[in-house]
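Chain and residue survey
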Amino acid sequence: MKFDLRKMLNLKSSSERADARRERPQYKSIDTKSMTLVLKEGGLTAVQMETLQKIMKVISMVLIYAFLAVMAVIILLPFYWMIITSLKTNTEIRASQQTFWPEVVMWSNYVDVFDRFDFATYLVNTLVVGILSTIGTLFTTIFAAFAFARLQFKGKNFLFTLLLATMMIPGEMMVITNYITVANFGWLKDQTGVFAAMIVPFWISVFYIYLLRQNFLQIPNELYLASKVDGKTDWNYLWKVMVPLSMPTLISIFILKLMGAWNSFVWPNLVADKQEYRLITNGLRSSFSTTAGEPEYALQMAATVLVTVPLLLLFIFFRKYIMKGVGRAGIKG
Amino acid sequence: MKNQKSRFPSLLVVSLIGVLALVGCNRSGDSSSDTTSGSSYSEEPPINEYEGNLLEHEASITFWHTMGAANRAVLDQMITGFNAIYPNITITHASQGDYDALRDKVSAAIPAGTTPTMAYCYPDHVADYMSAGAIQNLNPYINSTIFGLGLEDDPTLAGPVSDFIPGYWQEGREYMTPGTYSVPFSKSTELMFYNKTFFDAHSLTVPTSWEQLIAVARQIKTIDPSSTPFGYDSDANWFITLCEQMGIPYTSLNADEHFLFNNDQAKDMVEMIKGWYDEGLITTQGSSPNNAYTSTQFTEGKLYMTVGSTGGTRYNFSTNFEVGVAAVPQYQGSTKIISQGPSITVFKRATDAEKIAAWLFYKWISNTRNSAVYSVLSGYNPVRSSSFETDVYTTNRVVTPGTESELIADVAAFVPAIEDWYFVSPAFKGSSTAREEVGGILANVLLGLKSIDDAFYDALVACVFSSEE
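Counting of residues starts from 1 at the beginning of each chain's written sequence and follows it residue by residue. As a convention, the first chain written is A and the first ligand written is 1, with the rest following in written order. Owing to the predicted nature of the model, reporting of local features is limited to residues with pLDDT of at least 70; listing and counting of side-chain atom pairs is limited to 80 or more, with chain, interface and lining totals taken over all residues. The side-chain values count all of the structure's non-hydrogen atoms but skip hydrogen atoms and water molecules.

**Observations concerning the state of the cysteines**
The test is simple: Defined by distance alone, a disulfide is two cysteine sulfur atoms within 2.5 Å.
Evaluated as defined, the whole model comprises zero disulfides over all chains. Note on B:C463: no disulfide assigned, nearest cysteine sulfur contributed by B:C243 at a separation of 12 Å.

**Considerations on the packing of helix α6 (residues 119–149) of chain A against helix α13 (residues 247–263) of chain A**
All names here are of chain A. For the record, the criterion: For helices, the fitted axis covers only the stretch in contact; all axes are lines through C-alpha atoms, and the angles between them, taken along N-to-C directions, range from 0 to 180 degrees. In this text, helices come from DSSP runs of H or I with a minimum length of four residues, and strands from runs of E with a minimum of two, each type numbered from the N-terminal end. Roughly parallel means an angle under 35 degrees; roughly antiparallel, over 145; roughly perpendicular, 65 to 115; everything else is oblique. Note on convention: the crossing is left-handed when the near helix lies turned anticlockwise from the far helix by less than a right angle, right-handed when the turn is clockwise. Working rule for contacts: check all heavy atoms of both residues, and any pair within 4.5 Å makes them a contact. Only Asp, Glu, Lys and Arg are considered charged, only Ala, Val, Leu, Ile, Met, Phe, Trp, Tyr, Cys and Pro nonpolar, and every remaining residue, Gly among them, polar.
At a minimum axis distance of 9 Å, the contact between α6 and α13 shows a crossing angle of 140 degrees. The orientation of α6 with respect to α13, classified from their angle, is oblique. Note on packing geometry: the crossing formed by α6 with α13 is right-handed. Taking contact as the criterion, the partners of L123, T126, L127, G130, I131, S133, T134, T137, L138, T141 and I142 in α6 are, on α13, L250, I253, F254, K257, L258, A261 and W262. Among the residues making up the contact of α6 with α13, the classes are represented as 11 nonpolar, six polar and one charged.

**Here we look at the pattern of salt bridges**
Residues and elements named next belong to chain B. So the rule is basically this: Criterion for a salt bridge: a side-chain nitrogen of Lys or Arg within 4 Å of a carboxyl oxygen of Asp or Glu. Buried, partly exposed and exposed residues are distinguished by accessible area as a fraction of the type maximum, computed with a 1.4 Å probe on protein chains only: under 20%, between the cut-offs, and over 50%, respectively.
With the rule as written, the count across this model stands at 16 salt bridges over all chains. Two residues, E171 and K187, come together in a salt bridge whose shortest N-O distance is 2.9 Å. Placement of the pair is E171 in helix α7 (residues 166–171) and K187 in the loop between β4 (183–184) and β5 (188–195), with a sequence separation of 16 residues. Across the pair, exposure class does not vary: E171 and K187 are buried alike. Each of D100, R103 and D104 takes part in salt bridges that share partners, so that together they form one network.

**Examining the domain arrangement of chain A**
Often the size quoted for an interface is simply the accessible area lost on bringing the parts together. All names here are of chain A. Keep this limit in mind: An automatic or database domain assignment is the source of the domain bounds shown. Summed over both partners, the accessible surface that disappears when two parts come together, traced with a 1.4 Å probe, is what is meant by buried area. For this analysis, a polar contact is any N or O atom pair within 3.5 Å, provided that within protein one partner can donate a hydrogen and the other can accept it, and provided that sequence-adjacent residues contribute only side-chain to side-chain pairs.
Taken domain by domain, chain A consists of domain 1 (46–86) and domain 2 (115–329). Contacts between domain 1 and domain 2 engage five residues on the former and seven residues on the latter. Counting the surface lost from both domain 1 and domain 2, the interface buries some 480 Å², and carbon and sulfur atoms represent 88% of this. For domain 1, the biggest contributors to the area lost against domain 2 are M82, T85 and S86; these three give 81% of the whole. Our enumeration of links across domain 1 and domain 2 arrives at zero salt bridges. Summed over the shared surface of domain 1 and domain 2, the number is zero residue pairs in polar contact (both at pLDDT 80 or more). Residue composition of the side of domain 1 that touches domain 2, by class: three nonpolar, two polar and no charged.

Shown next as structure tokens:
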């Protein structure tokens, strides 16, 4: 059987095409300039639709920005309140009608703060504790995450479940037991001991181990096998391949941990029982009170403004890394 | 499927370990309380051992408090004076933040065995510490013939117990166990501040009873209808003070029925206050818009009389009018005002030498002169009657006319007249909740948020729960 491909595809032969050309009606020349093409959909012309779309876009943008503005105000209001409180007199702070701008702007509060607040001691203490606990955490996190992501050993999943289970215990529950432990170690007697008590218990973070393990798991097996072929040890592979590849996560762990140490309050407040061992947060709370024991909020807020600035700058300059690292593991920190 | 099978036993083991760990915690808790009541120290100070040689025993003591920088400087001066008498005693002291922070730290230090030798305290804190067996009964020290109070030639110059203001001293004895478990250091009370300029201009009489107060308030209301004539800063203190003045049961040390405030008399009392509130005659901090202090409303000219703590005297000062000082109004000739402010407690765990050293130091900082010095500094009241007579308290006080120091001096001159009026409520586990809750009753009823019966019932439930935790 012979197939006529042309027929099957419904194609016309060249003679048929010539006939068709001849049969085409001859149009008069029309003045296309006076013609309008009107396309309608849902009873609207293209122009109307375009306008409508523009309006809708504007409305949605307005709504989005209004929402963002409201949220921004909610987030910024405490900061604003901190700043205006730092510039008010104590009488105005206690007034029954609160004002949104100080009646008398008390720049002198900032001068008084420098007389009353031992910035240097608190800053040095906070940095020492913050940096040492962060570096320690990075090491424990890298090793633990490597073991759970890469090594094969008996009871690996069990151990990891055990670690994750500890995340269910709220930190507050461990305060007293940790306190008894560090007290029994004899750490609460001198400055070195108190610093150790503020640093060592926070060297392990299950959340960061989990975060980094997820990151390590994304590194292809082939790289590991290739490095094995090259005769690299696990140690070398960890430091030469895994750590550099996970740098964004490690940086965000570094920053988050440092911020955590900077903001920590309950534990340092408990273990540092002398003024000169205190961290910045505890110093802020305990440095400003009248002789009758009433808190002096204006000075407290002025000092808080000065202390918040470095943290704010840290976040502004490093937010790219923070977002990148946290985003990568698919988890919000 | 295989995965699920292997996970189940591991989860089981995890929970088992968790349970075992909790059991372990419980055991270690038991053992620590054993050591607290063990024999590393004695209930009775070894008096014979120390007879005549208080100077020979080296001791290092720690004092935790909540003092600000200026107060710490004065304490340092007192320590220098003390070390001139007892160079063998080393004292370190540190502020632990506010009173809540101090209580939290001590509460953690008790099981860990790291309590200081002595600390600032409020009675309800001591009641908590006592339930852990951590507080030293000071009776043997107070009554000692070698280092007790009121001895002749005492280098710490500490007069007898009778020199202490009775209400302040009594506070340390209002606990579940007989004995003295805290001793007064820096105390305050409540007074009524009134707009003297306004009172003089309209020839009003300063009220001394609640009946007179309401009569005066009605007069003020006719003069200035927009004002609220009277405010009481602390809702809780008003409730408790009125109960005490009117003889209405509030709380008791009887463990079977700590909370007595849910009774008809107390409800009638709250109904009476509600009537005054609805008439626009009175307000409290809890029922004011924005929870504004009544002292603030007073200085803003919105109130003409306010009751507040003597510790916060300066908040009642105004440059717009003259402020007068009077006693809190009384009920049918009663003489009762509340006693407040920190005391000092000594911990059991310290060694005998340390506890004696702490006691000697307390005697020094609470002697006639030092109590007056601290009172002038802080605006709190001295704890000894004899302090009122000292030049530090009277003539040498620095007063700048037209400033708050003038009002503080007026208060200082006024308080000796009421030194026998102080009362304290019993302290036990849950007593601070009772305080908060009765304050809540007043605020809720005045604002019309709860009916009187509901407010009392809810408060009682909260108290019972807190004491059974």
